[in-house]
Every structure is written in C-alpha cells, then in structure tokens.
Amino acid sequence: MIIKIFHTELRNAEIQIDNNNEKSEIKDSSATWMVPYVPESVEIMFEPFGITPKLWIDNFLINFWLANVQQQDHKLIIPIGNDFFDRYWVRDGQGRLQSLGVNPDPILVDKIVGRNFHQSLVDDIKFKLDEKRNLS
Amino acid sequence: MKNAILVNLPLTETLYPSASLAAIIPIFKTNNYQVEVIDLNLELTEEFLPEEVDRIYSWCELTLENLEYDLEIKLSQWLEYKMQYIVSSNVDMLGVSVFSIYSIKISKMFFDLLGDKKFTGSILVGGNGVSSNLNATTNNKSHGEDLLESKLVDHVIFGEGEQSLNCLLQNKQHPGIDVNTPIQIENLDTLPKPDYTDFDFDRYHDRRLLITGSRGCVRKCTFCDIELTWPKFRQRSAQSMFEEIVEHRLKYNINKFEFTDSLINGSVSEWIRFNDLLANAKAKDKDLENISYTGQFICRDEQSQKPIMYELMHYAGCRQITVGIESFSESVRNDMKKKFSNAAIDYHLEQCAKWAIPNIFLMIVGYPTETLADHQSNLDAVKRYKIYSDMGVIFMLRWGLTMHIYKDTPLFKSANDYKIDIIKDNNLDALYSWVSDLNPGLDFLERVRRRIELHELSYNLGYHQPNTRNELQSILSLLNEYTVEQNKKTWILEQA
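Residues numbered from 1 in each chain as written. Chains lettered and ligands numbered in written order. Predicted model: local features only at pLDDT ≥ 70, side-chain atom pairs only at ≥ 80, totals over all residues.

A few points about the overall build of chain A
Across its full length, chain A carries 4 helices and 9 strands. Helices (α) and strands (β) of chain A occur, in sequence order from the N terminus, as β-β-β-β-β-β-β-α-β-β-α-α-α. By the compact-globule yardstick of 14 Å for 136 residues, chain A is too spread out, its C-alpha radius of gyration being 22 Å. Considering only C-alpha atoms, chain A reaches an extent of 70 × 35 × 25 Å along its principal axes. (Helix = DSSP H or I, 4+ residues; strand = E, 2+ residues; numbered from the N terminus. Rg over C-alpha atoms; globule rule 2.2 N^0.38 Å.)

Written out as structure tokens, the structure reads:
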C-alpha cells in the first residue's frame, strides 16, 4: 500500500503504524510511505501545524469525509483495514442520497444515485425477450 | 424601445436558467428591445403534479406516443392560459426556443394553439429543435420549415442564433433566417457574453450556470449527428472563457458552472491554458475559490493529454466529467472512430483517481460490429474497473437504450455497407430494431439481452447507474412494439 501526503508548505512528516514511527523525506512538498501490508489504521504527523495536506492511498486522492479521516491540527488519523474501499463506497452512496435532502423523490434518487436494480422491470424484459424469441 | 417576450419550451433542464435565451438576450437589448423571459419548462414543473410532469416529459422524449386524454386537455388549457398573458402583453416580438427534438411535440401544440389567438406581434422561433423533425427516417422537412409553411410563425432561425438574430432585428438578410442553410460562426470570442439578469435564480433547482467554450467536435464518431449542427469545431479562447466565469461569479454569485460543449478538451492547449488561468485565480482570490465546473470530455492517450492537464483541472475545480467511452472493446471503438486505445482508458482513469475527478461513462450496447467477444470485453472491464467505481472515479455508468441509429449520421449514411435496412423502422427519432447482415446474431433482442446482462453485472458490482428506471421502461416499450416478422421480412428483401 502506498500512502502519500502533499502540501506546498510541508516541512516534516512522520507516519505511525502499529506503534512504529517512520519519518519520510520531504520531496517536492510531499512525503511517501510504502506499507507492506494493509494496517487497520495509520496516523500521519506533519509540520507545520494547521495545514490540510492532500492524501493519496494507492494513488487515489482521498476525500476525508468519505474515508472517515480525522484531521487534527498536527496529524491525520486514517482508518484503513481490508474493507477500506468498501466503506468508502458505502459512504459515497450515503453522501449522494443525503445531498438530495430528506425523503427525496424516488425519480430523482434513481436519476442521481442510480442504485436500484428494478427487479420487476428486469423480469418483465426477460419475460418479453423469451416470448419474442419463441416467436421467431 | 420595443418589447419582446422570450419563451423557453419544455423539454429542457430545470436545474438552471436557459443558456440559449441568455445568449440571445444581449442581441435583443443591443437592438433596443426590453425583454421578458417566460420559462414554460420551469413553470410546467412548478404547476403540474410530479407524475404529470413525468408523463409529459416522456411524451416530449418520444417514449410515450400520446398523452392520456385528461392530461392532454390539461396541458393545452394550461398553454392557452399562458398565451392569454402573452397576447395581452401586446409585445412587438415573441421569441420561442425549441431546444431540441424533444421540444417538437409541445412546440407543435403551442403553435397550433397560438395560431387561433390574435397575437399582433412578430413570432420568431429558433433552437436546435427547429432543424430536426419527428419521424426522421421518413420526413425530410424540418420542424421549422413545417411551422413556416403552416404560417404559424413569421420567422425561423436555423443554426446558431446570435448573428442571424442580430441581422433579423435590423431587417438584414443572413443565412439561416427562414432557410435551413445556416453558416457557422467563425469566431466565438466575438459573441456577447450571456445575460442572465432577467432570470430569477431562486426558482431553479440548482445555483448553476451553463457556459459554452466550444461548438462542434474534433471527432467524427460514426453514431453521432453533432456534425449536422456544427460541421466545424470552433473553440473560444481560454481568456474569454475564464473572464465569463469570473464575471458571472461576481455578478450573480454563482460558483457552479457546466460546460455545454460536446467536449471541453477539444483543443488541449486552450483547455490547459483555461485551467491554468482559473487555478491561479482561485489560489489568489478568495471570492473565486469555490468555483467548480463540469463538462463533457474526450479520452486520449498520455502523449496527447499530459498529467499536468488533470492536475490543473483538479485545482481549477473540475467536479465531474462525462466521457463517451461507448465500448470497452478497442475493436468496436475503432469501428466507431473513437480513436483511443484501452491503454488510454487505463491512463485516463489513473489520472482521474490521482486528482479525484469523477467520471460519468456513456456506453453503447450493440454497435453493428459488436461480437460476443466484444460484449465479453465490456463485462470484463466492468469487473476490472470496479475499484474506480468504489472510489467514485467512475461516478456513474450509463449503458443507455441499446444502439440506435440517428438519421444522417455517418453510420446511417453507410447503412448499405453494413447491410442495415434503414427504411422499415418505427416512428421514433432513431432506428432501434435494425439488424445488420454483417453481424446477423445481433438483432434487437440480442442487444437487449446484452444490455440486461450488463445492468445486472454493474449493479452487483456496485456501480451507480443513473436514470435506469426510465431506460429500462423505454427498452420494455421498444420490446413490446418489436415484431420478429419485421426483421424476417427485411432479411428476405436483403437476401433477394
């Protein structure tokens, strides 16, 4: 797993995984760590305090809300684990739904969120396909 | 000072004000007209029940042939009521925007009803819809020509409106006025900036404005009819686009912009320059920092679109791009003349992941040359790219209504080469139930089968597929109307 942060003012950065700390060289305002396994969570301490670094995990620029990253003045607390991408997907879906307000119109949900299987429509189409095929 | 009422007919978006009207309002104003805008599309959604709007929109979109009797009466009475105001206003000119082919049905109703009224001013109609027609495969006359012939309107502006309208208001001749032979505007930078001062932003569903950076396309994809509207690709300068966004941000307090372009990166150099200007301005000016944009984008390889472009797009506020991938089979895309490789898709996704740029992928199921192996490529790619869907990089995947052929597209014109019968089909705006002698296994039923298989797999892997209900309903309607005998007959004719 590759974890990287970037900020134009970044001076120092250190990652903490399972009580082990590892500093990183700051190159082009970024710090990168290669983690040989998927940790449950990591903490990244940085200087100067108060900046909001950009964060990449495996080359994906991470949205802090979707990834449930906690940002403090001087560090990021990042829950990872094997289900990181699944959780990100779930939060993404929740976010899309929430953006439509309370009790959104189902038509709008279908248009914007698009996570309905529409079982009865699929069944109708399959039934009709069989019917037409049998006619031919 | 003269007066004009400008009407926006359904079917258009209700998220934002009509960019078409905003583009021509400055032309009216510089010719001493005072303008009032009536957005009938928006008022329809405000004054009808949601399920009624849904039915009327389906009718406009040609997926519903006729409205229920009661709803048709209600709609016509509603239009008549709106016309009473227009007629009693005694304005010098009524300008009506027929945005697309999906506005033609209601446009016919509107002008038929208006013909009975005693409107004393001049009636002008324009928009892309006037150049289109219903029953496209059998009717060569455009909607605008029909309206002129029926004497329901005084003037029709075909093609781009700005220069033609200016000439019309000054009683000068110009190609595109009343004759469907418009010429394309060469320099988009010479056009006045859209004027939205006559719109009430609070009535629209999103505080967002449209912006046009280019017209036309740099590709000639076989299934696309954009070349009919804009034969040549025309690009505004980066500076001009940037200035419009900043001006509208400061004048109307709008932060969200949506490009109307067929592709925002038709000119890579200008696109990079625009993003550079915007990213720099946002970094320096707090008033601009929340600006974001969306648009349609073309996939290219790394040589053509360097990583810096994606980075600049991120800092400039790119919030979403819509990309016509069409097929994950390189061979099918080559046939479509899409001109990008599978490696280019991989590169594009990597860059979009790196800069958190969400994509809506537009797909076509069942292109005439699509084999089962090509279909399998689609299925394989859906599995392979799952991680990009999980991370919101493939924000949405749209499989659409299966391959349909529009009139006068390159594919339509080369139907003989593909041995496709173009005469027999239905009354829709495109051909859906075609079959090609070159790929006989791929009839409409097979295309629907593949479409459903892709829907099932995409759903199971967690992809977001917008508007699926409408699409599946439309497919079911098409399926109900489909007759196997029709294809058999075609076959016999073809073989003979």
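Picking up where we left off.
Considerations on the overall build of chain B
When you go through chain B residue by residue, the secondary structure sums to 20 helices and 15 strands. On C-alpha atoms alone, chain B measures out to a radius of gyration of 23 Å, which is about the 23 Å that the 2.2 N^0.38 rule sets for 496 residues. Viewed in the frame of its principal axes, chain B has a C-alpha envelope of about 65 × 65 × 40 Å. Relative to its full complement of 496 residues, chain B shows a buried share of 46%. (Buried ≥ 20, exposed ≤ 12 C-beta atoms within 10 Å, placed from the backbone.)

Here we look at the sheet that holds strand β7 (residues 60-61) of chain A
The antiparallel open sheet is built from 4 strands, whose spatial order is β4-β1-β6-β7 (chain A). Only two strands of the sheet have a single neighbouring strand rather than two, namely β4 (30-34) and β7 of chain A. (Pairing = 2+ DSSP bridges.)

Regarding the packing of helix α10 (residues 268-284) of chain B against helix α11 (residues 307-316) of chain B
Residues and elements named next belong to chain B. Put simply, α10 and α11 touch, their axes get as near as 8 Å, and they point 40 degrees apart. The pairing of α10 with α11 is recorded here as oblique in orientation. By crossing handedness, the relation of α10 to α11 is classed as left-handed. Where α10 abuts α11, its residues Val 268, Trp 271, Ile 272, Asn 275, Asp 276, Leu 278, Ala 279 and Lys 282 lie against Met 309, Leu 312, Met 313, Tyr 315 and Ala 316. (Axes fitted to C-alpha atoms, helices over the stretch in contact; angles between N-to-C directions. Parallel < 35°, antiparallel > 145°, perpendicular 65-115°, else oblique. Left-handed = near helix turned anticlockwise from the far one by under 90°. Contact = placed C-beta atoms within 7 Å.)

Re the domain arrangement of chain A
Once the domains are mapped, chain A shows domain 1 (2-85) and domain 2 (100-135). Taking only C-alpha atoms into account, the centre of domain 1 of chain A sits 41 Å from that of domain 2 of chain A. (Domains from an automatic or database assignment.)

Re the pairing of strand β9 (residues 75-79) of chain A
Every regular strand shows the same layout, with side chains that alternate between the two sheet faces. Residue and element names in this part refer to chain A. Taking every second residue as pointing to the same face, the buried face of β9 carries Leu 76 and Ile 78, while none of Lys 75, Ile 77 and Pro 79 on the other face is buried. With 5 bridges connecting them, strand β5 (residues 41-47) and β9 associate as antiparallel partners. In the strand pairing of β9, Glu 43 is matched with Ile 77. Of the pairings in the sheet, the one linking strand β8 (residues 70-71) to β9 comprises 2 bridges and is antiparallel in character. Residue Gln 71 lies in a different strand from β9, and its bridge partner there is Leu 76. Where β8 folds back on β9, the antiparallel hairpin that results is connected by 3 residues.

Here we look at the packing of helix α4 (residues 69-88) of chain B against helix α5 (residues 104-115) of chain B
Residues and elements named next belong to chain B. Where α4 meets α5, the axes come as close as 10 Å, and the angle between the chain directions of the two elements is 55 degrees. Put simply, α4 runs oblique to α5. Here α4 runs over α5; the crossing is right-handed. Residue-level inspection shows Ser 76, Leu 79, Glu 80 and Met 83 of α4 in contact with α5, the latter providing Met 109, Phe 110, Leu 113 and Leu 114. Its residues placed into classes, the contact of α4 with α5 shows 6 nonpolar, 1 polar and 1 charged. (Nonpolar A, V, L, I, M, F, W, Y, C, P; charged D, E, K, R; others polar.)

Considering the nonpolar core
All names here are of chain B. If you look at the biggest cluster of nonpolar residues, it comprises 152 residues, and the most contacted ones within it are Val 125, Val 156, Met 313 and Ile 394. Of all the elements, helix α1 (residues 19-30) adds the most residues to this core, at 7 residues. Discounting chain neighbours no more than four positions away, the residues touching Ile 394 are Asn 359, Phe 361, Tyr 385, Tyr 388, Ser 389 and Tyr 463. (Core = buried A, V, L, I, M, F, W, Y, C linked by C-beta atoms within 7 Å.)

Some points on unusual backbone geometry
The step from A:Glu47 to A:Pro48 runs through a cis peptide bond, and the omega angle for that step is 5 degrees. Each neighbour pair has its own omega, and for B:Pro10 with B:Leu11 the value is 15 degrees, a cis peptide bond.

Considerations on the sheet that holds strand β6 (residues 208-211) of chain B
Residue and element names in this part refer to chain B. Strand order in the open sheet formed by 6 strands is β6-β9-β10-β11-β12-β13, and the pairing between neighbours is parallel. Every other strand in the sheet has two partners, leaving β6 and β13 (394-398) as the edge strands with one partner each. Neighbour to neighbour, the strand axes of the sheet diverge by 20 degrees on average, direction disregarded. Taken together, the 4 bridges between β6 and strand β9 (residues 256-259) define a ladder with parallel strand orientation. Looking at the pairing, Leu 209 lines up with Phe 257 of β9.

What about α4(B)?
Given a rise of 1.5 Å per residue, 20 residues ought to cover 28 Å, and the 29 Å separating the end C-alpha atoms of α4(B) matches this to within 8%. Once α4(B) finishes, B:Asn90 follows within two positions and takes phi at roughly 50 degrees, a positive value. (Expected span 1.5 Å × (residues − 1).)

Quick notes on the interface of chain B and chain A
By a widespread convention, an interface's size corresponds to the accessible area lost as its parts come together. Contact residues are listed per partner, giving 32 residues for chain B and 31 residues for chain A. Within the residue set of the side of chain B that touches chain A, elements represented by two or more residues are α3 (50-60), α13 (342-354), α15 (386-390), α18 (444-460) and α19 (468-481) of chain B. Here the side of chain B that touches chain A takes 8 residues from α19(B), the largest share from any one element. Looking at the side of chain B that touches chain A, its residues break down into 18 nonpolar, 8 polar and 6 charged.

Here's the deal with α18(B)
The terminal C-alpha atoms of α18(B) lie 24 Å apart, and with 17 residues this matches the ideal 24 Å at 1.5 Å per residue to within 8%. Within the span of α18(B), buried status applies to B:Phe444, B:Leu445, B:Glu446, B:Arg447, B:Val448, B:Arg450, B:Arg451, B:Ile452, B:Leu454, B:His455 and B:Ser458. In this structure, the buried residues of α18(B) make contact with α4 (119-135) of chain A together with α14 (372-384), β13 and α19 of chain B. Downstream of α18(B) by a residue or two, B:Gly462 has a phi angle that is positive, lying close to 95 degrees.

Brief notes about the environment of B:Asn8
All names here are of chain B. Along the chain, Asn 8 turns up in strand β1 (residues 2-8). Each C-alpha atom, one on Asn 8 and one on Val 98, is 7.2 Å from the other, the two residues being 90 residues apart in sequence. When residues no more than four places from it in sequence are discounted, the contact partners of Asn 8 are Ser 18, Leu 21, Asp 39, Leu 40, Asn 41 and Ser 97.

Side note on the domain arrangement of chain B
Looking at the assigned domains, one finds that chain B contains domain 1 (2-182) and domain 2 (207-495). Spacing between the C-alpha centres of domain 1 of chain B and domain 2 of chain B amounts to 28 Å.

Looking at the pairing of strand β4 (residues 122-126) of chain B
Residues and elements named next belong to chain B. Where strand β3 (residues 93-97) and β4 come together, 5 bridges link them in parallel fashion. Residue pairing across strands places Met 93 opposite Ser 122, the latter belonging to β4. Pairing analysis gives 3 bridges linking β4 to strand β5 (residues 155-157), with the strands arranged parallel. Across the sheet, residue Val 125 finds its bridge partner in β5, namely Val 156.

Considering the environment of B:Ile226
Residue and element names in this part refer to chain B. Relative to the assigned elements, Ile 226 resides in helix α8 (residues 226-229). By the C-beta count within 10 Å, which is 17 here, Ile 226 ends up partly exposed. The spacing of Ile 226 and Ile 183 is 43 residues in sequence and 15 Å in space, taken between C-alpha atoms. Filtering out sequence-adjacent residues up to four positions away, Ile 226 remains in contact with Gly 216, Cys 217 and Ser 262.

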